[in-house]
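Overview (structure and organization)
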Amino acid sequence: MKLLIRQGRFIDPVGGIGGVMDILLEDGRVAVIGSNVDPDGAEIIEAENLIVSSGLVDMHVHLRDPGYTHKETIETGRAAAAAGGFTAVACMPNTRPVCDDAEVVAYILDKAKTPGTRVLPIGALTINEDGEKLTDAAALRGAGAVALSDDGMPVQNANVMRDGLMKASRQHLTVLSHCEDKDMVKNYAVNEGQVSRALGIHGRPAIAEELMVMRDAMLAEETGAAVHICHVSTAKSAAIIRNYKHKGVPITCETCPQYFTLTEEEVQKQGTMARVNPPLRTKADVEGIIAALRDGTIDAIATDHAPHSAEEKAKPLEDAPSGMVGLETALAVTLTALYHTGKLTLSDILRKMTINPASILRVPYGRLAIGNPADVVVFDPDEVWEVEPEKFLSMGRNTPFGGRRLKGKVKYTIVDGRIVYRG
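In this text the structure is predicted, and so the values were computed from the model without any measurement.

1. Some points on the overall build of the protein chain
Of regular secondary structure, the protein chain possesses 14 helices and 18 strands. Referenced to the eigenvectors of the C-alpha coordinate spread, the extents of the protein chain come out at roughly 65 × 45 × 45 Å. The 423 residues of the protein chain split such that 60% are buried. A total of about 16000 Å² of accessible surface is found on the protein chain, and carbon and sulfur atoms cover 48% of it. Distance between charge centroids for the protein chain: 2 Å, based on 46 positive and 56 negative side chains.

Quick look at the structure:
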């Protein structure tokens with residue numbers, strides 16, 4: 001099976017290679033990157049004026065399967081991922097049952113074995129994500145888990161977190177940490193600040209995130225084990241991570257498009273559509289997140305794709321679940337907010353959405369090079385389109401970006417040399 005991507009603008013943020021190239025994919029691998037490639041019998045994608053890159057890697061999604069298939073299924077989640085240019089997604093373990101043993105990992109991998117976006121299961125750090133007893137990291141890794149996390153349920157006990165970091169490290173697994181102090185945030189709906197006061201409700205204070213970021217950074221320093229901080233949302237959290245990175249501590253982090261584009265005021269405009277965990281913060285925090293993206297403190301851009309049903313999001317603000325879908329809008333929101341404003345180059349953005357997350361997860365994806373898996377995204381960085389949630393391939397419609405005009409459109413997503421999405 002041969003597929004030729006002809007005359008696209010190739011960007012390789014790892015090797016610094018760029019320019020108009022022909023790329024031949026053959027038998028699931030990248031066969032040739034060069035000029036005037038003309039193989040017999042190849043399907044051809046004419047990519048003139050389009051960007052060609054390694055397929056995007058999202059290290060933080062919620063596919064809801066098993067147990068919550070009224071929100072999303074692995075099939076619909078993979079379709080949404082492909083539409084967004086993602087060729088691999090790592091799914092969090094807060095399913096029902098929790099992905100805390102080899103059997104659930106096997107279930108997820110079996111559901112995702114048909115051609116399409118790769119699914120990389122993340123195993124729970126503690127049994128049932130209760131924060132008390134550690135899971136069998138070796139068994140989870142052997143079954144195919146790529147990392148460990150109790151995302152959505154912060155590990156409150158520092159000793160459990162410390163032991164978990166050390167045991168995960170012995171299995172060459174990174175721990176992905178949701179940093180919020182549960183006692184401080186409870187189930188509050190918004191950031192603690194002017195909006196929570198205006199609404200007359202309790203808020204989630206920024207320091208609840210920052211304290212846990214500091215704790216996990218200190219534990220990574222003390223143990224030497226890798227920790228990854230999920231969905232960083234405050235400028236002070238980024239500053240803590242920056243400081244520990246400068247000290248050589250094995251700490252990495254991600255943020256999501258909502259944290260460098262939206263502020264807490266969005267809740268007053270859109271209600272539950274803007275309810276996420278951690279919450280949208282202040283303008284100063286948005287500026288701090290952008291600064292941390294620019295200077296390399298923030299390694300990855302993830303989506304935290306979290307679909308919910310319309311009925312669930314229709315509940316009052318304090319009762320509705322937190323989360324928004326993001327797979328189908330992440331690239332375009334990022335290009336609109338960061339590339340077209342001159343804040344980041346295309347190479348910088350693609351590094352944070354391809355090779356960096358793949359490297360943190362220690363998986364062999366994220367770079368388009370000869371001999372590597374033929375996972376590719378082809379996109380038009382300049383095409384303008386309007387977000388219409390009713391047309392999403394995800395079952396979730398819960399996005400605060402509905403109705404927005406964005407600049408940047410996926411045209412093709414290719415996994416293992418097969419076209420899995422045509423835009």
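2. Describing the sheet that holds strand E9 (residues 147–149)
Pairing between the strands of a sheet is mediated by backbone hydrogen bonds and can be parallel or antiparallel. The 5 strands are arranged E9-E10-E13-E14-E15 in an open sheet whose pairing can be described as parallel. Only two strands of the sheet have a single partner each, and these edge strands are E9 and strand E15 (300–301). With 2 bridges joining them, strand E14 (residues 251–255) and E15 adopt parallel strand pairing. Bridge pairing in E15 links Glu254 to Ala300.

3. Description of the layout of surface pockets
Roughly 700 Å³ of internal volume is contained in the largest pocket. Asn94, Gly152, Asn277, His308 and Ser322 are the residues nearest the centre of the largest pocket, which is lined by 32 residues in total. Classifying every residue of the lining of the largest pocket by side-chain character gives 9 nonpolar, 12 polar and 11 charged. Lining of the second largest pocket is provided by 17 residues; of these, Glu328, Trp385, Phe392, Lys409 and Tyr421 occupy positions nearest its centre. Contributing elements (two or more residues each) for the lining of the second largest pocket: helix H12 (330–339), strand E16 (376–386) and strand E17 (405–415).

4. Examining the side chain of Thr297
Mapping Thr297 onto the fold places it in the loop between helix H10 (283–294) and E15. Since its relative accessible area comes to 4%, Thr297 is described here as buried. Side chain to side chain, Thr297 and Arg242 meet in a polar contact 3.1 Å long. Not counting the four nearest positions on each side in its chain, Thr297 is found in contact with Ala238, Ile241, Arg242, Lys245, Cys253 and Ala292.

5. Here's the deal with the pairing of strand E3 (residues 29–34)
Pairing of strand E2 (residues 17–26) with E3 involves 5 bridges; the strand directions are antiparallel. The partner of Glu26 across the bridge, within E3, is Arg29. Linking two consecutive strands that pair antiparallel, namely E2 and E3, is a turn of 2 residues; a positive phi of about 55 degrees is found at Asp27 within it.

6. So, helix H2 (residues 102–111)
Those residues of H2 not exposed but buried are Val104, Val105 and Ile108. The buried side chains of H2 occupy one side of the element, clustering within an arc of 105 degrees when seen end-on. The inward-facing, buried residues of H2 abut helix H1 (74–83), strand E7 (86–91), strand E8 (118–121) and helix H3 (137–143). Between a side-chain oxygen at the N-terminus of H2 and the backbone nitrogen of Glu103 the separation is 3.1 Å; the capping residue is Asp101.

7. Describing the nonpolar core
Most often, soluble globular proteins keep nonpolar side chains buried together rather than apart. Counting residues in each nonpolar core, the largest one holds 72 residues, and the members touching the most others are Ile229 and Leu338. With sequence-adjacent residues up to four places away left out, Leu338 is seen in contact with Phe260, Ile290, Leu293, Ile301, Lys343, Leu344 and Ile349. In terms of nonpolar packing, the next biggest core, distinct from the first, is built from 21 residues, Val190, Val195, Val333 and Trp385 among them.

8. Examining the environment of Pro279
Here Pro279 is to be found in the loop between helix H9 (265–270) and H10. Each C-alpha atom of the pair Pro279 and Gly326 lies 15 Å from the other, and the pair is 47 residues apart in sequence.

9. Considerations on helix H13 (residues 346–353)
Inspection of H13 places Leu346, Ile349, Leu350, Lys352 and Met353 among the buried residues, and these make up the whole buried set. Along the long axis of H13, the arc covered by the buried residues comes to 160 degrees, so they all point the same way.

10. What to know about the packing of aromatic side chains
Under the criterion given, the structure shown has 0 aromatic pairs. Its guanidinium or amino end placed over the ring of Tyr244, Lys247 lies 4.3 Å from that ring's centre, counting from NZ or CZ. Positioned above the aromatic ring of Trp385 is the side chain of Lys409, whose terminal nitrogen or guanidinium carbon lies 5.2 Å from the ring centre.

11. A word on the sheet that holds E7
Ordered in space as E6-E7-E8, the 3 strands form an open sheet in which the pairing is parallel. The sheet is open, and its two edges are formed by strand E6 (56–61) and E8, each paired on a single side. Across the sheet, the axes of successive neighbouring strands diverge by a mean angle of 20 degrees, strand direction being ignored. The sheet contact formed by E6 and E7 spans 4 bridges and is parallel. By the bridge assignment for E7, Val57 is matched with Ala88. Packed on one face of the sheet, H2 meets E7 and E8 and runs near 175 degrees to E8.

12. As for empty space enclosed by the protein
Counted according to the given criterion, the structure contains 5 cavities of 30 Å³ or more. Put simply, the largest cavity is a space of about 50 Å³. Together, Leu125, Asp150, Met153, Pro154, Val155, Met161, Val175, Leu176, Ser177 and His178 line the largest cavity. Broken down by element, the lining of the largest cavity gets its largest block of residues, 3 residues, from strand E10 (residues 174–177). Across the lining of the largest cavity, the residue classes break down as 7 nonpolar, 2 polar and 1 charged.

Calculation criteria
Residues numbered from 1 in each chain as written. Predicted model: local features only at pLDDT ≥ 70, side-chain atom pairs only at ≥ 80, totals over all residues. Heavy atoms only, no water. Helix = DSSP H or I, 4+ residues; strand = E, 2+ residues; numbered from the N terminus. Buried < 20%, exposed > 50% of the residue type's maximum accessible area, 1.4 Å probe, protein only. Areas by Shrake-Rupley, 256 points an atom, 1.4 Å probe, with all protein chains shown as cover. Lys, Arg positive; Asp, Glu negative; His and termini not counted. Charge placed at Lys NZ, Arg CZ, Asp CG, Glu CD. Pairing = 2+ DSSP bridges. 1 Å grid on protein atoms, 1.4 Å probe; cavity = no way out; pocket = protein on both sides within 12 Å on 5 of 7 lines; lining within 4 Å. Points joined across faces, edges and corners; volume = space filled by probe spheres on them. Nonpolar A, V, L, I, M, F, W, Y, C, P; charged D, E, K, R; others polar. Polar contact = N/O pair within 3.5 Å; in protein donor to acceptor, adjacent residues only side chain to side chain. Contact = heavy atoms within 4.5 Å. Arc of directions from axis to C-beta. Core = buried A, V, L, I, M, F, W, Y, C linked by side-chain atoms within 4.5 Å. Phe/Tyr/Trp six-rings, centres within 6.5 Å; stacked < 30°, edge-to-face > 60°. Lys NZ or Arg CZ within 6 Å of the ring centre and 35° of its normal. Axes fitted to C-alpha atoms, helices over the stretch in contact; angles between N-to-C directions.

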